[in-house]
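Below are the chains, spelled out letter by letter.
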Amino acid sequence: KRVNNIPKILAKIADKPFIDYQIDWLEKQRIKKIYLLTKYKSSIIENYIHSNKSKYNSEIIIIKEKEFLGTGGAIKNLLLKTKLNEHCLVVNGDTYFNIKKINYFYKFHFSNNNKITLGSSIKIDSSRYGTIKFNGNYLKQMNEPSGIKQKGYVFAGLLILNLQIINSFSKKKFQLEDFISFYKKNNKVGVYKFKNNNFFYDYGTVKSYDWVANSGF
């Protein structure tokens, strides 16, 4: 409705495609290799990245899905195609993070020997997000969106994940939240609480897109 049938990550935010905001932020985190996991209109994304590669400082690799696999299935497909065996930062494709550095996020993850660490943040209105509950520094419960305007911690759209553990989930098509719930049954899932106000912005709805489209981040 707002982006004229182009992929969401190429939607303009203050006359700049969203993907450029996100790549710029990732490069500021000193990330040298970025994997874009795509399906919808993947060729348009690939053409844009190829045409603009001279302005990026990182290596950008596009992993195409032959069918929609869900957010978790896409990561499993990445592992299948690349044989990566390491901890990776995973971010939602429609979310911008209002913080310069995330060093403490990494330190928290590795100092606690976590296999998964979710980034979380306070939202004054958590109605369209699933709130999360903690047990110390670990996940106790992930709730479905309530539709009720209330303050609460929510999953902020980024996590650090040891990719190898996703092979323990037998399904091919699944959402990342489904895997987290499965993994949590027998393992600890770390939760890092970012203190920044307005830590993240997403534009997953028409209303949220309109809110940032003109002013930028």
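Novice: How should the nonpolar core be read in this particular structure?
Specialist: The tendency in soluble globular proteins is for nonpolar side chains to be buried as a group. Core analysis: the largest hydrophobic core is formed by 31 residues, its most contacted members being Ile-19, Trp-25, Leu-36, Ile-49, Leu-89, Phe-105 and Leu-158. Within the residue set of this core, elements represented by two or more residues are helix 1 (18-28), strand 3 (33-38), helix 2 (42-51), strand 4 (59-64), strand 6 (95-97), helix 4 (103-111) and strand 10 (152-162). In terms of residue count, helix 1 provides more of this core than any other element does, six residues in total. What Trp-25 contacts, discounting residues up to four positions off in sequence, is Leu-89, Val-91, Tyr-96, Phe-97, Ile-99, Ile-102 and Leu-158.

Novice: What should I look at first to understand the environment of Phe-68 in this one?
Specialist: Looking at the secondary structure, you find Phe-68 in the loop between strand 4 and helix 3 (70-82). Beyond its immediate chain neighbours, meaning those up to four positions away, Phe-68 contacts Lys-39, Tyr-40 and Lys-173.

Novice: Help me understand the pairing of strand 7 (residues 116-123) in this model?
Specialist: Two faces make up the sheet, and in a regular strand the side chains alternate between them. When you tally the buried positions in strand 7, you get seven out of eight residues, the bulk of the element. As paired elements, strand 7 and strand 10 share seven bridges and run antiparallel to each other. Each bridged residue has a counterpart across the sheet, and for Leu-118 the counterpart in strand 10 is Leu-159.

Novice: Would you mind going over the pattern of salt bridges with me for this structure?
Specialist: Pairs can form between side chains of opposite charge whenever their charged atoms are close. The final tally for this structure, using the stated rule, is seven salt bridges. Across the pair Glu-67 and Lys-173 runs a salt bridge, and its minimum N-O distance is 2.8 Å. Here Lys-173 lies in the loop between strand 10 and helix 5 (176-184) and Glu-67 lies in the loop between strand 4 and helix 3, a separation of 106 residues in the sequence. Residue classification places Lys-173 among the partly exposed positions, given a relative accessible area of 48%. Overlapping salt bridges bring together Glu-67, Lys-172 and Lys-173 as one network.

Novice: Just to check I follow, could you spell out helix 1 for this structure?
Specialist: Residue pairs spaced three or four apart in an α-helix point in one direction, given the helix's 3.6 residues per turn. The element helix 1 is largely enclosed, with a buried count of nine among its eleven residues. When helix 1 is considered as a whole, its buried residues turn out to be Phe-18, Ile-19, Asp-20, Tyr-21, Gln-22, Ile-23, Trp-25, Leu-26 and Glu-27. Looking at the residues trailing helix 1, positive phi occurs at Arg-30, about 65°.

Novice: What is the right way to look at the packing of aromatic side chains in this model?
Specialist: Two descriptors summarise a pair of aromatic rings, namely the distance from one centre to the other and the angle between the planes of the rings. Summed over the entire model, instances satisfying the criterion amount to twelve aromatic pairs. Centre to centre, the rings of Phe-134 and Tyr-153 are 5.1 Å apart; their planes meet at 80°, and the pair counts as edge-to-face. One end of the pair, Phe-134, is in strand 8 (residues 132-135); the other, Tyr-153, is in strand 10, and 19 residues separate them in sequence. Assessed through its relative accessible area of 24%, Phe-134 is described here as partly exposed. The ring of Tyr-138 carries the charged tip of Lys-188 above its face, separated from the ring centre by 4.8 Å.

Novice: Hey, could you run me through helix 4 in this one?
Specialist: Every buried residue belonging to helix 4 is among Phe-105, Phe-108 and His-109, and all of these are buried. Taken end-on, helix 4 shows its buried residues confined to a sector of 95°, consistent with a single buried face. More than 90 degrees from the buried face of helix 4, the exposed residues found are Tyr-104, Lys-107 and Ser-111. Looking at the packing, one finds that the buried side of helix 4 touches strand 5 (87-91), strand 7, strand 10 and strand 11 (190-193). Positioned one or two residues after helix 4, Asn-113 has a phi angle of 55°, which is positive.

Novice: What is the right way to read unusual backbone geometry from this model?
Specialist: Unusually for a residue other than glycine, Arg-30 sits at a positive phi of about 65°. Positionally, Arg-30 belongs in the loop between helix 1 and strand 3. The class of Arg-30 is exposed, set by a relative accessible area of 71%.

Reading the values: rules and limits
- Residues numbered from 1 in each chain as written.
- Predicted model: local features only at pLDDT ≥ 70, side-chain atom pairs only at ≥ 80, totals over all residues.
- Heavy atoms only, no water.
- Core = buried A, V, L, I, M, F, W, Y, C linked by side-chain atoms within 4.5 Å.
- Buried < 20%, exposed > 50% of the residue type's maximum accessible area, 1.4 Å probe, protein only.
- Helix = DSSP H or I, 4+ residues; strand = E, 2+ residues; numbered from the N terminus.
- Contact = heavy atoms within 4.5 Å.
- Pairing = 2+ DSSP bridges.
- Salt bridge = Lys/Arg side-chain N within 4 Å of Asp/Glu carboxyl O.
- Phe/Tyr/Trp six-rings, centres within 6.5 Å; stacked < 30°, edge-to-face > 60°.
- Lys NZ or Arg CZ within 6 Å of the ring centre and 35° of its normal.
- Arc of directions from axis to C-beta.

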